[in-house]
Amino acid sequence: MLASKSDGRMNKTRLPLGEYYRHQVDGKWCGHVDIRQELNESVVFSEALKKECERNRTLNNRHQLHFEAEERDGDVVGLKIEPGNYLSVRQLLTDEPSLVAESGFMDSLLDGLVDISSYLHSQGIWHVCYSPSSVLVRKGDNHVMLLSHGSFYLSVSNQEELYGDDACYVAPEVLRHGTVDERCDVYSIGRFLEQIFGSSSIPLEFRQVLKRATSETPEDRYPTVQALRSAVLKRRNGVKSLLALAASLVVALICLGIYFDMVPESEPVEFVKPVPRQPYDDLLEEGYGGDVDFTDSDSLTEEDRQTIREYQAKAEAIFRKKYEQEADRILNKIYNRDNMSNSEKIFLSKSRSVSEELAKRQQELGDEAGISGEKASRIAAEINERLSNQKRDALGGTNVYGIQK
C-alpha cells in the first residue's frame, strides 16, 4: 500500500488485460488500466481489444463498467475507466476478511454476478474469468462491477498466458480452445466462490452446488448461471425444512422421555438420549427442495437416510411400548370374567366404548411420538389383535355366557 501511494497509484490489481489502478488527474481520482506490453505486440489481441472498446459503449447494465480507449500510434495502450471508487474483491477481503461471514454479503455478491452474466449472455458475451482480482466492487456498498470480458479474446492462441495466475478460474474447454457457452461462466463463478469461502468453510447450501458447477465436463454443470443460483436457494430452503423436522423430532422424543420418567413403571424405563446434531451437517444433496422427501434417492445420502430411519424407528418403538401398556389396561375392561358373563348386548356396548377409548389414546400417543396417523393405526391394530387374542385365550376355560354365536 505504501508503494502504491509513493507512485500515486491506488487500488492496484492485475487484470488479464493489464494493471488496473486509481490515480489523480487534476485533483480527481480516476480509474485506469495499463495494457500489458507483451499483449499489445499481438495483432490478434490488438484487434480484439479495439472491438471490445467499441462494444463496451453499447452495454447497458448497472454492473458493467464503461471505459474509453487510450491510443498511441494507432494502438490501444490503456483504458480510461468511468468515474468511481472501485477495488477488487481480493483487496476488499484482504482489508475486511470478516465480510464473508456477514449476513447478505455472499448473496449480494452472487446476485450481482448472476445479473451481469445473464445480461452478457443475452448479448452473446461471456466473461470467462471471474477471479478475486478481476471481479471489482464499488467501495462503500460493495456493488459488483465487471470491466473487460474474456470472450472477446478467445482468438488469442495461448489462453493460459493471457490469464496468467488467474487461469485456474477459467473453464478447461476455454483453455483448450473448445466450445464456449454459458457453462464456462458457471464453472468460473463456482471457482470464484470456492476461493472466497475457503475450502473448509463452504456453507451447506453451497457445497453440492459448487461441486457440480466446477465439474471438468461442461455437460455435468448447471446449464445457466440462473440455474446455479436457483440450486443454492433450493438447498437453503431444504436445510431450513430439515432443521425444522429435526427440531420437532427432538422435542417430541424429549417430551416422551420426560413423560416416561414421571409415570411409575413396573419395568425399567428406556430414557431417550438427546439427538446428536452432527448428522445434519451434510443432509442436503442433489435435487432437494423445500418439502422433505426421504424416499427421494437424489435428496439424501444413504447414511443420512439411515440416520432419519433410526430416529423414526425410535419414535415408533416408544409409541408401541406406551400404547401396548394403555391397550392392555383398556382391554381389561371387557376381557374379564365378570364382563364375559354379561349378556351379549351389554358386552357389545362396552366393546364400543373400549374401541373409542383405544382410538383416542392411539391418536394422542401417535401425535406425541411424531409419527403419522396411518403408521400409528397399523401398529395399534397389530397390538389390539394380539392382546385380544391373548386375553380370550386366557379366559377360554371360563364358563362364559355373554357371547354366543
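Relevant structure appears above.
So what exactly am I meant to see when it comes to the sheet that holds strand β8 (residues 143-145) here?
Two pairing modes exist for strands in a sheet, parallel and antiparallel, and in both the strands are linked by backbone hydrogen bonds. One open sheet accounts for three strands, arranged β6-β7-β8; its pairing is antiparallel. Only two strands of the sheet have a single partner each, and these edge strands are β6 (86-88) and β8. On average, each strand axis in the sheet is inclined to that of its neighbour by 40 degrees, with strand direction left out of account. The sheet contact formed by strand β7 (residues 136-138) and β8 spans three bridges and is antiparallel. Its bridge partner lying in β8, arginine 138 is registered against histidine 143.

I'm lost on the pattern of salt bridges in this one. Help?
Note on pairing: side chains with opposite charge can pair once their charged atoms come close. Counted by the stated rule, this structure contains 22 salt bridges. With a closest N to O distance of 2.8 Å, glutamate 194 and arginine 191 form a salt bridge. One end of the pair, glutamate 194, and the other, arginine 191, are both in helix α8 (residues 182-197), three residues apart, so they sit about a helical turn from each other.

Any chance you could explain unusual backbone geometry here in plain terms?
Even without being glycine, asparagine 142 reaches a positive phi, approximately 55 degrees. Relative to the helices and strands, asparagine 142 resides in the loop between β7 and β8. With relative accessibility at 18%, the residue asparagine 142 sits in the buried group. At histidine 177, a position not held by glycine, the phi torsion is positive, near 60 degrees. Mapping histidine 177 onto the fold places it in the loop between α7 (172-175) and α8.

Would you explain the packing of α8 against helix α9 (residues 204-213) in this entry?
When two helices pack together, their arrangement is given by the angle between the helix axes and by the axis-to-axis distance. Where α8 contacts α9, the axes come no closer than 8 Å and their chain directions differ by 135 degrees. Taken as axis vectors, α8 and α9 run oblique relative to one another. Regarding α8 and α9, the two cross each other, and that crossing is left-handed. Side by side, α8 and α9 meet where Val186, Tyr187, Gly190, Leu193, Glu194 and Phe197 of the first sit next to Phe206, Leu210 and Ala213 of the second. When its residues are assigned to classes, the contact of α8 with α9 shows seven nonpolar, one polar and one charged.

Where do I start with the packing of aromatic side chains in this structure?
Any aromatic ring pair is given by two values, namely how distant the centres are and how the planes are angled relative to each other. The full count for this structure, using the stated rule, is three aromatic pairs. Judged by centre distance (5.2 Å) and plane angle (25 degrees), the ring pair of phenylalanine 45 and tyrosine 153 falls under stacked. Of this pair, phenylalanine 45 sits in helix α3 (residues 43-56) while tyrosine 153 sits in the loop between β8 and α6 (159-163), placing them 108 residues apart in sequence. Summarising the burial analysis for this pair, phenylalanine 45 and tyrosine 153 share the class buried. Measuring from centroid to centroid gives 4.9 Å for phenylalanine 197 and phenylalanine 206, while their planes differ by 55 degrees, and the two rings are tilted. Here phenylalanine 197 matches phenylalanine 206 in class, with each residue buried. Above the face of the tyrosine 21 ring, arginine 9 is positioned so that its terminal group lies 4.1 Å from the ring centre.

I'm lost on the packing of helix α5 (residues 105-122) against α8 in this one. Help?
Running from N to C, α5 and α8 cross one another at 165 degrees; their axes reach a closest spacing of 12 Å. Considered as vectors, α5 and α8 are oriented roughly antiparallel to each other. Two packed elements cross with a definite hand, and for α5 against α8 that hand is right-handed. Judged by residue contacts, Met106, Leu109, Leu110, Leu113, Ser117 and His121 of α5 engage Glu182, Asp185, Ile189, Phe192, Leu193, Ile196 and Phe197 from α8. Residues of the contact of α5 with α8, tallied by class, amount to nine nonpolar, two polar and two charged.

Rules behind the numbers
- Residues numbered from 1 in each chain as written.
- Predicted model: local features only at pLDDT ≥ 70, side-chain atom pairs only at ≥ 80, totals over all residues.
- Heavy atoms only, no water.
- Pairing = 2+ DSSP bridges.
- Helix = DSSP H or I, 4+ residues; strand = E, 2+ residues; numbered from the N terminus.
- Axes fitted to C-alpha atoms, helices over the stretch in contact; angles between N-to-C directions.
- Salt bridge = Lys/Arg side-chain N within 4 Å of Asp/Glu carboxyl O.
- Buried < 20%, exposed > 50% of the residue type's maximum accessible area, 1.4 Å probe, protein only.
- Parallel < 35°, antiparallel > 145°, perpendicular 65-115°, else oblique.
- Left-handed = near helix turned anticlockwise from the far one by under 90°.
- Contact = heavy atoms within 4.5 Å.
- Nonpolar A, V, L, I, M, F, W, Y, C, P; charged D, E, K, R; others polar.
- Phe/Tyr/Trp six-rings, centres within 6.5 Å; stacked < 30°, edge-to-face > 60°.
- Lys NZ or Arg CZ within 6 Å of the ring centre and 35° of its normal.

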